[in-house]
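# Examination of the molecular architecture
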Amino acid sequence: MSSVVVGYVPKPEGEAALARAIEEARLREADLIVVNSHRARTGEGEPDLGEARATLDSSGIAYEVRQLTRGFEAAEDLVSVAEANDAVLIVIGLRRRTPVGKLILGSNAQRVLLDAHCPVLAVKA
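The notes below deal with the structure included here. Counting restarts for each chain, with residues numbered from 1 along the sequence as it is written. The predicted nature of this model means local features are confined to residues of pLDDT at least 70 and side-chain atom pairs, given and counted, to a pLDDT of 80 or more, with totals for whole chains, interfaces and linings taken over all residues. Side-chain metrics rest on all non-hydrogen atoms present in the structure, leaving aside hydrogens and water.

Turning our attention to the pattern of salt bridges. A pair is scored as a salt bridge if a Lys or Arg side-chain nitrogen falls within 4 Å of a carboxyl oxygen belonging to Asp or Glu. Applying the stated criterion to the full structure yields five salt bridges. One salt bridge in this structure joins Arg 20 and Glu 24, with 2.9 Å as the shortest N-O distance. Of this pair, Arg 20 and Glu 24 both sit in helix α1 (residues 12-28), four residues apart, roughly one helical turn. To sort residues, take the accessible area from a 1.4 Å probe on protein chains only and compare it with the maximum for the residue type: under 20% means buried, over 50% means exposed, and anything in between is partly exposed. With a relative accessible area of 32%, Arg 20 lands in the partly exposed category. A cluster of three or more residues bridged by salt bridges with shared partners is formed by Arg 20, Glu 23, Glu 24 and Arg 28. Only DSSP runs of H or I reaching four residues or more are called helices, and only runs of E reaching two or more are called strands; each is numbered from the N terminus.

Let us now look at α1. Spanning 17 residues, α1 covers 24 Å between terminal C-alpha atoms, matching the ideal 24 Å at 1.5 Å per step. Restricting attention to buried positions, one finds in α1 the residues Glu 13, Gly 14, Ala 16, Ala 17, Leu 18, Ala 21, Ile 22, Glu 24 and Ala 25. Any two residues whose heavy atoms approach within 4.5 Å at even a single point are treated as in contact. As for α1, its buried residues are in contact with β1 (3-7), β2 (31-38), α2 (50-59), β4 (89-94) and β5 (120-124). What a helix is expected to span follows from its residue count: subtract one and scale by 1.5 Å.

Relative to the elements of secondary structure, Arg 28 occurs in helix α1. Separated by 25 residues in the primary sequence, Arg 28 and Ser 3 have C-alpha atoms spaced 8.5 Å apart.

A few words now on the nonpolar core. What is meant by a nonpolar core is a set of buried Ala, Val, Leu, Ile, Met, Phe, Trp, Tyr and Cys residues, joined one to another through side-chain atoms within 4.5 Å. One finds Val 4, Val 6, Leu 18, Leu 32, Val 34, Leu 56 and Val 91 to be the most contacted residues of the largest nonpolar core, which totals 20 residues. Among the secondary structure elements, those contributing two or more residues to this core are β1, α1, β2, α2 and β4. Considering every element that reaches this core, the biggest residue donor is α1, with six residues. Not counting residues within four places of it along the chain, the set of residues in contact with Leu 32 comprises Val 4, Val 6, Leu 18, Ala 21, Ile 22, Ala 25, Leu 56, Ile 61, Ala 62, Tyr 63 and Glu 64. Counting 16 residues, the second largest nonpolar core, distinct from the first, contains Val 5, Leu 68, Val 81 and Ala 82.

Moving on, we get to the side chain of Glu 24. We classify Glu 24 as buried; its relative accessible area is 7%. The residues contacting Glu 24, other than those within four sequence positions of it, are Val 4, Leu 89 and Leu 121.

Purely geometric stuff here, so don't read any function into it on its own.
Below, the structure written as structure tokens:
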């Protein structure tokens, strides 16, 4: 079965990406893989994804949540999960950036767009 992969953070851009990924998974009759990736910091636990899980449970689609706490950038994790699962689409959320911020290379969204093997859908909050 095909899959849609979504990068999720518990912020407005993550919520927008999750909502759109659920729609895309329904349209494509695909499973949904939710990836929450962050770097481990001393004293920090994993983000609470309770609200996201409740949204996913009520959606009625098949899903899997992967919380990755490693040394990789979020973009690397997202692209590797998508490749490993032969995803048909990656969904990411974008936050508003200043004109100067847009010039800075290395943003996760840009890396996903450039490195992904499949189409990427970027949504705003």
